Amino acid sequence: GAVVSQHPSRVICKSGTSVKIECRSLDFQATTMFWYRQFPKQSLMLMATSNEGSKATYEQGVEKDKFLINHASLTLSTLTVTSAHPEDSSFYICSAYSSLAAYGYTFGSGTRLTVV
Amino acid sequence: GQQLNQSPQSMFIQEGEDVSMNCTSSSIFNTWLWYKQDPGEGPVLLIALYKAGELTSNGRLTAQFGITRKDSFLNISASIPSDVGIYFCAGQRETSGSRLTFGEGTQLTVNP
């Protein structure tokens, strides 16, 4: 089945530093990658949508300069949280999408970011 | 924001009981997906539905795509302790391209 690898699974960083999260589709090519943020006991909130080779589309209220998304290939997307602050602490999840029904939407295992 | 109403928010059941949860919306959906999420993990796909009226099973799980294309339900039969987790419905709206809309989730607790 479809597999999406997300790294790191956990990261602790100091306030003011930047953190990069990687999302790779291992056995299929993803036409689109999605990045979500999830707070405790809440649902997934879509942050941005990215297509390979083009700029990401950010949801309303998400700062594009704060959350940099790069989608350089059909199998790799990265989310960089720049100048992180404690309020950026959250669970970040990526999802890779293929229009082939065998793959559909496959989620990574998530990254727990803690900013201290 | 969320445009899928998922209910119930939480369920506490005994092992062996059947479970039912559903999602409704005022919007029309092309695809309904049901996911399970364990603590600290990403959602894992349980069942995908692509046609109105479609009824699909995956082991003890059964899900249906509503005829109106505005709702879906998930049933779990003969629940077991490992069914514990959060279940999310997600839909691909007719007007939102490939973006998914998620329900608020149903927290399931199964007592042995």
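Scroll up for the structure.
Let me begin by describing the structure that accompanies this report. All figures in this text were calculated on a predicted structure; none of them were measured in a lab. (Residues numbered from 1 in each chain as written. Chains lettered and ligands numbered in written order. Predicted model: local features only at pLDDT ≥ 70, side-chain atom pairs only at ≥ 80, totals over all residues. Heavy atoms only, no water.)

Considering the overall build of chain B
Looking only at helices and strands, one finds 0 helices and 11 strands in chain B. When the elements of chain B are put in sequence order from the N terminus, they spell out β-β-β-β-β-β-β-β-β-β-β. Computed over its C-alpha atoms, the radius of gyration of chain B comes to 13 Å, within 12% of the 13 Å expected for a compact globule of 112 residues. Reported as C-alpha extents along the three principal axes, the dimensions of chain B are approximately 45 × 30 × 20 Å. Classification of the 112 residues of chain B by burial places 45% in the buried group. Nonlocal contacts in chain B, meaning residues at least 24 apart in sequence, comprise 54% of its contacts between residues at least 6 apart. Here chain B displays about 5100 Å² of accessible surface, and carbon together with sulfur accounts for 51% of that area. (Helix = DSSP H or I, 4+ residues; strand = E, 2+ residues; numbered from the N terminus. Rg over C-alpha atoms; globule rule 2.2 N^0.38 Å. Buried < 20%, exposed > 50% of the residue type's maximum accessible area, 1.4 Å probe, protein only. Contact = heavy atoms within 4.5 Å. Areas by Shrake-Rupley, 256 points an atom, 1.4 Å probe, with all protein chains shown as cover.)

Concerning the side chain of threonine 49 of chain A
Relative to the helices and strands, threonine 49 of chain A is located in strand S5 (residues 44-51). What threonine 49 of chain A contacts, discounting residues up to four positions off in sequence, is Thr32, Met33, Phe34, Ala56 and Thr57 of chain A together with Arg99 of chain B.

What about the side chain of glutamate 59 of chain A?
Along the polypeptide, glutamate 59 of chain A turns up in the loop between strand S6 (57-58) and strand S7 (67-73). A polar atom in the side chain of glutamate 59 of chain A sits 2.7 Å from the side chain of arginine 99 of chain B. Residue contacts for glutamate 59 of chain A: discarding those within four places in its chain leaves Leu46, Met47 and Ala48 of chain A together with Arg99 of chain B. (Polar contact = N/O pair within 3.5 Å; in protein donor to acceptor, adjacent residues only side chain to side chain.)

A closer look at the layout of surface pockets
In this model, the second largest pocket occupies a volume close to 480 Å³. Lining the second largest pocket are 20 residues, and of these Pro40, Lys41 and Gln42 of chain A together with Ile86 and Gln107 of chain B sit closest to its centre. Going through the elements one at a time, strand S9 (85-93) and strand S11 (106-111) of chain B are the ones with two or more residues in the lining of the second largest pocket. A total of 3 residues in the lining of the second largest pocket trace back to one element, the largest contributor, which is S9 of chain B. Here the lining of the second largest pocket is built from residues that sort into 7 nonpolar, 9 polar and 4 charged. (1 Å grid on protein atoms, 1.4 Å probe; cavity = no way out; pocket = protein on both sides within 12 Å on 5 of 7 lines; lining within 4 Å. Points joined across faces, edges and corners; volume = space filled by probe spheres on them. Nonpolar A, V, L, I, M, F, W, Y, C, P; charged D, E, K, R; others polar.)

So, the sheet that holds strand S3 (residues 19-24) of chain B
Residues and elements named next belong to chain B. Spatially, 5 strands are ordered S1-S3-S8-S7-S6 in an open sheet, and the strand pairing comes out antiparallel. In this open sheet, the two strands that pair with only one neighbour each are strand S1 (5-7) and strand S6 (55-58). Between one strand axis and the next, the sheet turns by 15 degrees as a mean value, whatever way the strands run. In this structure, S3 lies alongside strand S8 (residues 71-76), joined through 6 bridges in antiparallel fashion. Pairing of asparagine 22 across the sheet is with phenylalanine 73, part of S8. (Pairing = 2+ DSSP bridges. Axes fitted to C-alpha atoms, helices over the stretch in contact; angles between N-to-C directions.)

Concerning the interface of chain A and chain B
Taken together, the contact pairs 19 residues of chain A with 17 residues of chain B. The three residues of chain A that bury the most area against chain B are Ser43, Tyr105 and Phe107 of chain A, which together make up 38% of that side's buried surface. Taking the shortest distance from any N to any O, the salt bridge between glutamate 59 of chain A and arginine 99 of chain B comes out at 2.7 Å. The interface formed by chain A and chain B includes 6 residue pairs in polar contact (both at pLDDT 80 or more). Residue assignment for the side of chain A that touches chain B shows that the elements contributing at least two residues are strand S4 (32-38), S5, strand S9 (90-98) and strand S10 (104-107) of chain A. Here the element with the most residues in the side of chain A that touches chain B is S4 of chain A; it accounts for 4 residues. When grouped by side-chain class, the residues that make up the side of chain A that touches chain B number 10 nonpolar, 8 polar and 1 charged. (Buried area = accessible area lost by both parts, 1.4 Å probe. Salt bridge = Lys/Arg side-chain N within 4 Å of Asp/Glu carboxyl O.)

Observations concerning the sheet that holds strand S3 (residues 19-25) of chain A
Residues and elements named next belong to chain A. Read from one edge to the other, the open sheet built from 4 strands follows the order S1-S3-S8-S7, with strand pairing classed as antiparallel. Two strands in the sheet have a free side with no partner beyond their single neighbour: strand S1 (4-7) and S7. Sheet twist, expressed as the average angle between the axes of neighbouring strands with direction ignored, equals 15 degrees. As paired elements, S3 and strand S8 (residues 76-81) share 6 bridges and run antiparallel to each other. Across the sheet, residue cysteine 23 finds its bridge partner in S8, namely serine 77.

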